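In case you want the letters, here they are:
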Amino acid sequence: MSSVTNSTGSFFNRSLAQMADLRSGIERTRSQIATGRKIERGSQDPAAAAQLRSVAQREALASVEGDNAARLGQDLGAAATEVEAVTALLQRARELALQAANAPTGADGRQAIAAELEQLSQELFSRANGTSLTGEPLFAGQSSGVAFTRDAAGVVTYAGTPESGAVPVAPGTAIERGLPGNEVFQFDLNGTPSSAFAVLGGLTAALQGGAPDPVAAANAALEGIDAALDTTNRATTILGTRMAWVDQVQDQQGDRKIALAERRSRVGDTDIGDAIARLQQTMTALEASQAAFARVSALTLFDALR
Amino acid sequence: MPTAIFTIGRSGLTASRRSLELTAQNIANAANPDYSRRNLTQGELVMTGSIGTNAVDSLGGVRPGIIERAESGLVQRQARDASSALAAAEAEFQALREAESALETSGVFGGIVDYEAALTRLQNNPLEPALRLSAVEAARKMAGNFRIANGTLANARSLVQAEVSAETLTVNELAKELAAINADLVGAREGTAGRAALLDARDKALRGLAEEFGIQPTINANGTADVSITGTPAVALVTGATAAAVSVTYAADGTASFAVGATSFVPAGGAMAGRSSALAEMAGLQVELDALAGSAITLSNAAQAGGAAADGTPGQPLFGGSGAGDIDVVLGSADGLATAPAGSPAGSRDTGNLAALLASLGAASGPSSGADRMLLGLSSRVAALETRSQGLAVVSSSAEAELLRETGVDLDSEAANLVRLQQAFEANSRVIQVAAELFDTILGLR
């Protein structure tokens, strides 16, 4: 017999497979709504999954870079505060030197000035060895020890490194951590290397009677103090510029974070409105298909024959 | 002759009763997927006697013929081939999906990213103990994720291997069954219900074999089926009443090789071909994963060797092991991280060496790009396999529907047959009643 019939088994198989398809579609949409994620496994959309991975990598690095920038800003701020205080201190020292250079100031007056200058030297030394909030030296470059050391004779020498190292704050951008002490406190005076410590120390010694002509010594020291002020002013400018740079980078980081989040959301998040509409549509189709199945499967000749 | 009418009526009754039985059998097996619709052929029974040139016909009614089984070799074959191709794609898809979840959920990529992030954070202040510790712990976590990925991949592999071994047993059982059916079929008489049932069993065994291996059956005139497995080379599995045994062995990298007797072959279709190519891909993935772990180990240890630890001593290796299975942190203390370039004094905050390590980790040849590429390649492969198996599922289900249309039971036509045969049965009994009345009429003549 070669007649072709419409097999009952085939009808049931087909209907079941179609309803199972609809049901699994509903399941998938439902889990997309429940988890808020469009992609459960990479193979559902390999390109989108790769994008999500790169967004996740950028986000992880961006958060670390944000922390780095915040701490860098703090460190630069602390250094700038110290340098500003040092500038004020040097200005006071300049006033004192001017007074000392004034001939009417007597020997007693110069002694008093010398005493104050000694105090200022002490303060300068302790500010030069200032530390950040986490206890790292501010002006020691890449060294973790103190920036300046003072020997028994009172000579202050720089113990740090001439480079301070850079911190990465954005892809391809690294900002110098601070200024090494030799760039803040040391300078070149008429061809010979000198430092704020040497200038103040020398003036103090001269005023305490170490020089036959204290007025001339005070006049001579003015040049050194001016050079020290120039150096600190330059340091303030550099630190200020870097802080402004960090601020700018932080703004950019904020923008990039938003852009990354938007991108992640666009690629990987469920569009709830769309998903709910799709869910409703599929459910309507499933209900209709079930109703049709019930009606059609009831159409058997056995029911008609009684 | 009234007796002839009795005989004719009785033969009609027999034929319609046997047809009814077959209809009932068809209805009872409507839900049996291996059942092929049956039909009873009938033939007219006429006896002709002749003396000289004088021939006289005597009508004898109907003769129940043979039980015909609806079959279509071509459609059977289409359905088998389609299900074979579908089984291959689905087996490979399922196996690789396991591997995909293994590698995705183990967090290899996230571990590498976290390690890089911790090192980037360390650049901020390379001597801060908390940052150093968190960098070492991130390294430990990355190593752990590599080991988890290695373990889950091995797990996925052993699941596929277990399935291959189990299904090999099934194939051997089916082959033995088919050989036994072949032996029985030789002795079965044409047109009997027993033969039809044997043919059903034969087709069922062939379908079962086709799901596992691509097969090339030869149906002989007596209904027996000789089966050879398609592959390179093609090998005979069942010949007449003898069945060969399929065996499988696994190489060290997990790939499977099949043999029938002493002849080894590479299967060309069916779930076994899918599983075998999935195992080959998993071996490739294992190599890639080991290479990733190896590159993380090499880059980190090379950077350590080229730098100075916090106390100024030369850096010691950070990772031990050589692949994803045995990667582990061996650096004793977080102070040992060589952030500064070689020759730096103790307590140097120089991050030159750390920056070099970060640059090599983040390079296009580094582990994070490698992990991304591996995952992208794998998920694209799985997505392609899913699309492929969805397409093949449509082909296979339409071939299945075609087969059911050719051989399956249609309840509506069986219901119609039921009515028709019932009426035939009643009509035949009416014939007998008429014959009896005729007889009575003759006996009542006075």
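Because the structure is predicted, anything quoted here is derived from the model rather than measured.

From N to C terminus, chain B includes nine helices and 14 strands. For a compact globule of 446 residues, the expected C-alpha radius of gyration is about 22 Å, and chain B comes in at 38 Å, more than 25% above that figure. For chain B, the C-alpha atoms occupy an extent of roughly 145 × 45 × 25 Å along the three principal directions. Looking at chain B alone, contacts between residues at least 24 apart form 73% of all its contacts between residues at least 6 apart.

Across chain A, the average pLDDT comes to 87, with 98% of residues at or above 70. Across chain A, helix H7 (residues 272-297) of chain A holds the top mean pLDDT of 91, while helix H8 (residues 301-304) of chain A sits lowest at 76.

Time to look at the nonpolar core. Counting residues in hydrophobic clusters, the biggest one holds 106 residues, and the most contacted among them are Ala99, Leu178 and Leu209 of chain B. Ranked by residue count, the leading element in this core is helix H4 (residues 129-187) of chain B, at 20 residues. With 50 residues, the next largest nonpolar core counts Val83, Leu120, Phe125 and Val167 of chain A among its residues.

This paragraph deals with the sheet that holds strand E7 (residues 242-243) of chain B. The strand order E3-E4-E6-E7 (chain B) describes an open sheet built from four strands, whose pairing is antiparallel. The open sheet has two edge strands with one neighbour each: strand E3 (215-219) and E7 of chain B.

To continue, consider the packing of helix H2 (residues 46-101) of chain A against helix H3 (residues 107-128) of chain A. Residues and elements named next belong to chain A. It is at 10 Å that the axes of H2 and H3 come closest, and there the two elements cross at 165°. Here H2 lies roughly antiparallel to H3, going by the angle between them. Read as a crossing pair, H2 and H3 show a hand that is left-handed. For the pair H2 and H3, the contacting residues are Glu82, Ala85, Val86, Leu89, Arg92, Ala93, Leu96, Gln99 and Ala100 in the first and Arg110, Ile113, Glu116, Leu117, Leu120, Glu123, Leu124 and Arg127 in the second.

To continue, consider the sheet that holds strand E9 (residues 256-260) of chain B. All names here are of chain B. Strand order in this open sheet of four strands is E5-E10-E9-E8, and the pairing throughout is antiparallel. Strands at the two margins of the open sheet, each flanked by one partner only, are strand E5 (231-232) and strand E8 (246-250). Two elements, E5 and strand E10 (residues 263-267), share two bridges in a ladder whose sense is antiparallel. The partner of Gly231 across the bridge, within E10, is Pro267. Sitting on the sheet, H4 touches E8 and E9, and the angle it makes with E8 is about 165°. Taken strand by strand, helix H6 (residues 270-305) contacts E9 and E10, and its axis lies near 85° from that of E10.

Moving on: the environment of Val395 of chain B. Relative to the helices and strands, Val395 of chain B is located in helix H8 (residues 367-407). For the pair Val395 of chain B and Ala28 of chain B, spaced 367 residues apart in the sequence, the C-alpha separation amounts to 29 Å.

For the rest of this paragraph, the subject is the interface of chain A and chain B. Taken residue by residue, the interface counts 41 residues in chain A and 50 residues in chain B. Put simply, the parts of the chain that give the side of chain A that touches chain B at least two residues each are helix H1 (8-35), H2, strand E3 (166-170) and H8 of chain A.

So, on to the pairing of E8 of chain B. Residue and element names in this part refer to chain B. Sheet analysis places E8 next to E9, joined by five bridges and oriented antiparallel. Note that in E9 the partner of Val248 across the bridge is Phe258. What sits between the antiparallel neighbours E8 and E9 is a turn of five residues, in which Gly254 has the positive phi angle 95°.

Attention shifts here to the environment of Leu199 of chain B. Residue and element names in this part refer to chain B. Within the secondary structure, Leu199 is located in helix H5 (residues 193-212). A count of 19 C-beta atoms within 10 Å places Leu199 in the partly exposed class. C-alpha of Leu199 to C-alpha of Arg69: the two residues are 130 residues apart in sequence and 8.7 Å apart in space. Among residues more than four places away in sequence, those in contact with Leu199 are Arg69 and Gly223.

Here we come to the domain arrangement of chain B. All names here are of chain B. Domain parsing of chain B yields domain 1 (2-70 + 408-443) and domain 2 (73-362). Summarising the inter-unit geometry, the C-alpha centres of domain 1 and domain 2 are found 63 Å apart. Every contact between the two is made by seven residues of domain 1 and, on the other side, eight residues of domain 2. Here the side of domain 1 that touches domain 2 gets three residues from one element, more than from any other, and that element is strand E2 (residues 54-69). Taken together, the residues that form the side of domain 1 that touches domain 2 break down as three nonpolar, one polar and three charged.

Our focus in this paragraph is the packing of H2 of chain A against helix H6 (residues 214-268) of chain A. Residues and elements named next belong to chain A. Their axes nearest at 7 Å, the elements H2 and H6 cross at an angle of 160°. Of the possible angle classes, the one that applies to H2 and H6 is roughly antiparallel. In this structure, H2 crosses over H6, and the sense of that crossing is left-handed.

Rules and cut-offs
Residues numbered from 1 in each chain as written. Chains lettered and ligands numbered in written order. Predicted model: local features only at pLDDT ≥ 70, side-chain atom pairs only at ≥ 80, totals over all residues. Helix = DSSP H or I, 4+ residues; strand = E, 2+ residues; numbered from the N terminus. Rg over C-alpha atoms; globule rule 2.2 N^0.38 Å. Contact = placed C-beta atoms within 7 Å. pLDDT = per-residue confidence, 0-100. Core = buried A, V, L, I, M, F, W, Y, C linked by C-beta atoms within 7 Å. Buried ≥ 20, exposed ≤ 12 C-beta atoms within 10 Å, placed from the backbone. Pairing = 2+ DSSP bridges. Axes fitted to C-alpha atoms, helices over the stretch in contact; angles between N-to-C directions. Parallel < 35°, antiparallel > 145°, perpendicular 65-115°, else oblique. Left-handed = near helix turned anticlockwise from the far one by under 90°. Domains from an automatic or database assignment. Nonpolar A, V, L, I, M, F, W, Y, C, P; charged D, E, K, R; others polar.

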